[in-house]
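Architecture at a glance
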Amino acid sequence: MTPEALDLAALRPRLPSPLRAVEDERFTRRGVRLLLKRDDLIHPALPGNKWRKLEPNLRAAADGGHRVLLTFGGAYSNHLRATAAAGRLLGFATVGVVRGDELADRPLNPSLARCVADGMRLRFVDRATYRRKAEPSVLRALVTAAADGFPVPRERVYVVPEGGSNSLAAHGCTALGHELRGVADVVGVACGTGGTLAGLAAGLAPRQRAVGFPVLKGGFLAGEVRALQLAAFGGPRGDWYLDERFHGGGYARTTPALDAFAAGFEDRHGFPVERLYVAKALHGLTTLAEEGAFPPGSTVAAVITGRPEPGADGRPDSERQSDSSR
């Protein structure tokens, strides 16, 4: 892969992503206008807003002469699917390290099957190893195994972190903030690894505010966002905060109340609501509106970061609870 061979324009991403105003009485009765920023429509093969994170990493991989993309995710990771699709479309080989070695002997779920169909080689690792994936010795072994599998020199393997979130991704997501400048007073987005929020907040104009809704529990995400902004921009950027109330029990979990909210939103506005990220952000923004958090006359934008995927709903509770992909 050479920089000359990498033609991201050939993928024809839909940018800026569409912006749609919707009438929702839970907002309008408070004098608040609701917009949907449809990042889920950027590209048909790359789920949700993953394009914004992957694009600068793909350029960096090509510029460095890398041939293989190595990345990480859980059993239902949209990031794995996006990386696999990008590899197929642009000519990179791809390797996905999947959390949970017990999955190796099970039939592939639709998300992982799509990764394989797009040419990704999956490597299932035990959960303890997965937690240590950023440690130099563990990462070195994973890179070596990826290189040997093709084979290519280790130096030709480009590592994309879990969820695609690194300083390059944060820079890529500033474009989302730029597209919303002057459009909304508050922008809400679901957060897994924090890269989208870090870049979004940096790209917004003064007096605009971003609110992130973590889809994992644990209270660690604020530190991750600050670290990403430090790495990308040299320090804090933008006005942002997190509301930790809407994770629904953790990643890949929903509750009956969240499912009912999402079904009601679908009925009102005529588009399918992805449950693991988007529903949590929409529920959070709607609750804040009903609590009077937004002054009358405000405009609120919800970033729609993905669409429902086959197999994403209706999974057994045990499978949902064991999946921690981002």
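This text goes with the structure placed above it.
To start, this report covers the structure provided alongside it. Fair warning: this is a prediction, and the values are worked out from it, not measured in the lab. Starting from 1, residues in each chain are numbered consecutively following that chain's sequence as written. Per-residue local features are limited, in this predicted model, to residues with pLDDT of at least 70; the limit for side-chain atom pairs, both in listing and counting, is 80 or more; totals at the level of whole chains, interfaces and linings are taken over all residues. Values shown for side chains rest on all heavy atoms present in the structure; no hydrogens or waters enter the calculation.

Some details on the packing of helix H3 (residues 78-90) against helix H4 (residues 110-117)
Axis definition: a line fit to C-alpha positions, over the contact stretch in the case of helices; interaxial angles, taken between N-to-C directions, run 0 to 180 degrees. Labels follow the DSSP assignment, with helices taken as runs of H or I lasting at least four residues and strands as runs of E lasting at least two, numbered in each case from the N terminus. Look at H3 against H4: their axes get within 8 Å of each other, and the N-to-C directions meet at 20 degrees. Classified by the angle between their axes, H3 and H4 sit roughly parallel to one another. For the element pair H3 and H4, the recorded crossing hand is left-handed. Contacts from Leu80, Arg81 and Ala84 in H3 reach Ser111, Leu112, Arg114 and Cys115 in H4. All amino acids are sorted into three groups, where Ala, Val, Leu, Ile, Met, Phe, Trp, Tyr, Cys and Pro are nonpolar, Asp, Glu, Lys and Arg are charged, and the leftover types, Gly among them, are polar. Of the residues assigned to the contact of H3 with H4, the class counts are four nonpolar, one polar and two charged. The scheme is simple: roughly parallel for angles under 35 degrees, roughly antiparallel for over 145, roughly perpendicular for 65 to 115, oblique for anything else. In this scheme the crossing of two helices becomes right-handed for a clockwise turn of the near helix relative to the far one and left-handed for an anticlockwise turn of less than a right angle. Contacts are assigned to residue pairs that have any heavy atoms within 4.5 Å of one another.

Here's the deal with the packing of aromatic side chains
Only Phe, Tyr and Trp rings take part, Trp by its six-membered ring, and two of them pair if their centres are within 6.5 Å. Stacked means planes under 30 degrees apart, edge-to-face means over 60, and tilted covers everything else. Inspection of the entire model under this criterion finds three aromatic pairs. Ring plane angle 80 degrees and centroid distance 5.8 Å describe the contact between Phe213 and Phe246, whose orientation is recorded as edge-to-face. Within this pair, whereas Phe213 is found in strand E8 (residues 209-214), its partner Phe246 is found in the loop between strand E9 (239-242) and helix H10 (256-269), the two being separated by 33 residues in sequence. Put simply, the rings of Phe261, Phe265 and Phe271 touch in pairs and so form one group of aromatic residues. We count a charge as sitting over a ring when the NZ of a lysine or the CZ of an arginine lies within 6 Å of the ring centre and within 35 degrees of the ring normal. Over the face of the ring belonging to Phe271 we find Arg38, whose NZ or CZ atom lies 4.7 Å from the ring centre. The ring of Phe150 carries Arg121 above its face, with NZ or CZ at 4.0 Å from the centroid.

Quick notes on H4
Throughout this description, buried means an accessible area under 20% of the type-specific maximum (1.4 Å probe, protein chains only), exposed means over 50%, and partly exposed covers the range between. Among the residues making up H4, those that are buried are Ser111, Leu112 and Cys115. Looking straight down H4, one finds its buried side chains confined to an arc of 95 degrees; they lie on one side. Against the buried residues of H4 lie H3, strand E4 (93-99) and strand E5 (121-125). Identification of polar contacts relies on pairs of N or O atoms within 3.5 Å, with a donor-acceptor requirement for protein atoms, meaning one able to donate a hydrogen and the other able to accept it, and with residues adjacent in sequence counted only if both atoms are side-chain atoms. The N-cap residue of H4 is Asn109: its side-chain oxygen and the backbone nitrogen of Ser111 are 2.9 Å apart. Just past H4, the residue Gly119 takes up positive phi, approximately 95 degrees. Here the arc refers to the set of directions running from the helix axis out to each C-beta atom.

Side note on the sheet that holds strand E7 (residues 186-191)
The strand order E1-E2-E10-E7-E8-E9 describes an open sheet built from six strands, whose pairing is mixed. Unpaired on one side and paired on the other, strand E1 (19-22) and E9 mark the two borders of the sheet. Strand-to-strand, the axes of this sheet are offset by a mean angle of 25 degrees, without reference to chain direction. Relative to E8, E7 is paired through six bridges, and the arrangement is parallel. Looking at the pairing, Val186 lines up with Arg209 of E8. At least two bridges found by DSSP between two strands are what make those strands a pair.

Notes on the side chain of Thr305
Mapped onto the secondary structure, Thr305 falls in the loop between strand E10 (299-303) and helix H12 (317-322). Using a relative accessible area of 10% as the deciding quantity, one classes Thr305 as buried. Apart from residues lying up to four places away in sequence, Thr305 is in contact with Asp40, Gly48, Asn49, Val189, Tyr277 and Val278.

Observations concerning the pairing of E5
The sheet contact formed by E4 and E5 spans five bridges and is parallel. Along E5, the bridge assignment pairs Gly96 with Leu122. You can see the chain leave E4, run along H4 and come back into E5, and the turn it takes is right-handed. Looking down the strands as they point away from you, a crossover is right-handed if its path from the first strand over the helix to the second goes clockwise.

Some words on the environment of Leu41
Position of Leu41 among the secondary structure elements: in the loop between strand E2 (33-37) and helix H2 (50-63). Separated by 263 residues in the primary sequence, Leu41 and Ile304 have C-alpha atoms spaced 8.9 Å apart.

Side note on the nonpolar core
Core analysis: the largest hydrophobic core is formed by 33 residues, its most contacted members being Leu36, Phe265, Val273, Leu282, Leu285 and Phe294. Taken together, the elements giving at least two residues each to this core come down to E2, E7, E8, H10, helix H11 (278-290) and E10. Ranked by the residues each element gives to this core, the list is headed by H11, at seven residues. Those residues in contact with Leu282 that sit more than four places away from it in its chain are Leu36, Phe261, Phe265, Val273, Ala302 and Ile304. The set of buried Ala, Val, Leu, Ile, Met, Phe, Trp, Tyr and Cys residues whose side-chain atoms join them within 4.5 Å is what this entry labels a nonpolar core.

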